[in-house]
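Structure at a glance
If you want the building blocks of each chain, they are given just below.
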Amino acid sequence: KQWYQRRVREAKRLKEKEVHSETCALEEYLVMEEELTNNQDGVNSNIRAVSNRFEHLTRTLRTKQRDCQSATSWLVIVLIVPFWLYAAIFVSLSINTYRKEAN
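Heads up: these notes are all about the structure in this document.

**A closer look at the overall build of the chain**
- When its secondary structure is counted, the chain shows one helix and zero strands.
- Scaling as 2.2 N^0.38, a compact globule of 103 residues should have a C-alpha radius of gyration of about 13 Å, whereas the chain reaches 44 Å, well beyond that.
- By principal-axis analysis of the C-alpha atoms, the chain measures approximately 150 × 15 × 5 Å.
- Sorting the 103 residues of the chain into buried and exposed places 0% on the buried side.
- Here the chain has roughly 10,000 Å² of accessible surface; of this, 61% comes from carbon and sulfur atoms.
- For the chain, the separation between the mean place of its 16 positive charges and that of its 13 negative charges on side chains is 3 Å.

**Some points on a positive patch on the surface**
- A surface patch of like charges, here positive, comprises R6, R9, R13 and K17.
- With respect to the helices and strands, the residue R6 is situated in helix 1 (residues 2-102).
- Residue class for R6 comes out partly exposed when judged on its relative accessible area of 48%.

**A few points about the pattern of salt bridges**
- Within this structure, the stated rule accounts for two salt bridges.
- As a salt-bridge pair, E10 and R7 come within 3.7 Å of each other at their nearest N and O atoms. Note that E10 and R7 are positioned in helix 1 at a spacing of three residues, about one turn of the helix.
- In this structure E10 comes out as partly exposed when scored by relative accessible area, which is 33%.
- E18 serves as the salt-bridge partner of K15, at 3.8 Å between the closest nitrogen and oxygen. With K15 and E18 both in helix 1 and three residues apart, this pair spans about one turn of that helix.

**Overview of a nonpolar patch on the surface**
- A contiguous nonpolar surface patch, about 1,100 Å² in accessible area, is contributed by W74, L75, V76, I77, V78, L79, I80, V81, F83 and W84.
- Structurally, the position occupied by V81 is in helix 1.
- Residue V81 is classed as partly exposed on the basis of its relative accessible area, which comes to 48%.

Conventions used here
Along each chain, numbering runs from 1 in the same order as the chain's sequence is written. Residue-level local features of this predicted model are given only where pLDDT is at least 70; pairs of side-chain atoms are given and counted only at 80 or more, and the full residue set underlies all totals for whole chains, interfaces and linings. The side-chain quantities take in all heavy atoms of the structure and omit both hydrogens and water. Helix and strand definitions here come from DSSP, where helices need a minimum of 4 consecutive H or I residues and strands a minimum of 2 consecutive E residues; each element is numbered from the N-terminal end. For the radius of gyration, the atoms used are the C-alpha atoms, and the globule rule reads 2.2 Å times the number of residues raised to 0.38. Accessibility here uses a 1.4 Å probe with only protein chains present; expressed as a share of the type maximum, an area under 20% marks a residue as buried, one over 50% as exposed, and anything in between as partly exposed. Each accessible area value is a Shrake-Rupley result obtained with a 1.4 Å probe; residue values ignore everything except the protein chains displayed when judging cover. The sign given to each residue is positive for Lys and Arg and negative for Asp and Glu; His and the chain ends receive no count. Where a charge lies is defined by one atom per residue type, namely NZ (Lys), CZ (Arg), CG (Asp) and CD (Glu). Surface patches are drawn from residues lacking salt bridges whose relative accessible area is over 30%; two like charges belong together within 9 Å, two nonpolar side chains (Val, Leu, Ile, Met, Phe, Trp, Tyr) within 5 Å. The working definition used for a salt bridge is a side-chain nitrogen of Lys or Arg within 4 Å of a carboxyl oxygen of Asp or Glu.

Nothing here speaks to function; it is all geometry.
As structure tokens, this is what we get:
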């Protein structure tokens, strides 16, 4: 009978160790899962920050492109229009001079 009771107590103790071991493993798993969730939240936050920065840079680039196109348009007006105006005046004066010489 004592041998049987000893075996029962030993079996209970082994079972308790096993349950304790599984409980510890489960707790470790839950801690790791929480850490992964927190890390994923951080990753999602970083992705949002990068996305917002990219959108900001895209808007800035578009604005600068519009400014550059506008500046180019004004440059064309300021430089090329007077050139053709001066060319027309020069041609007109040359024609008048040629006519005077021809007469």
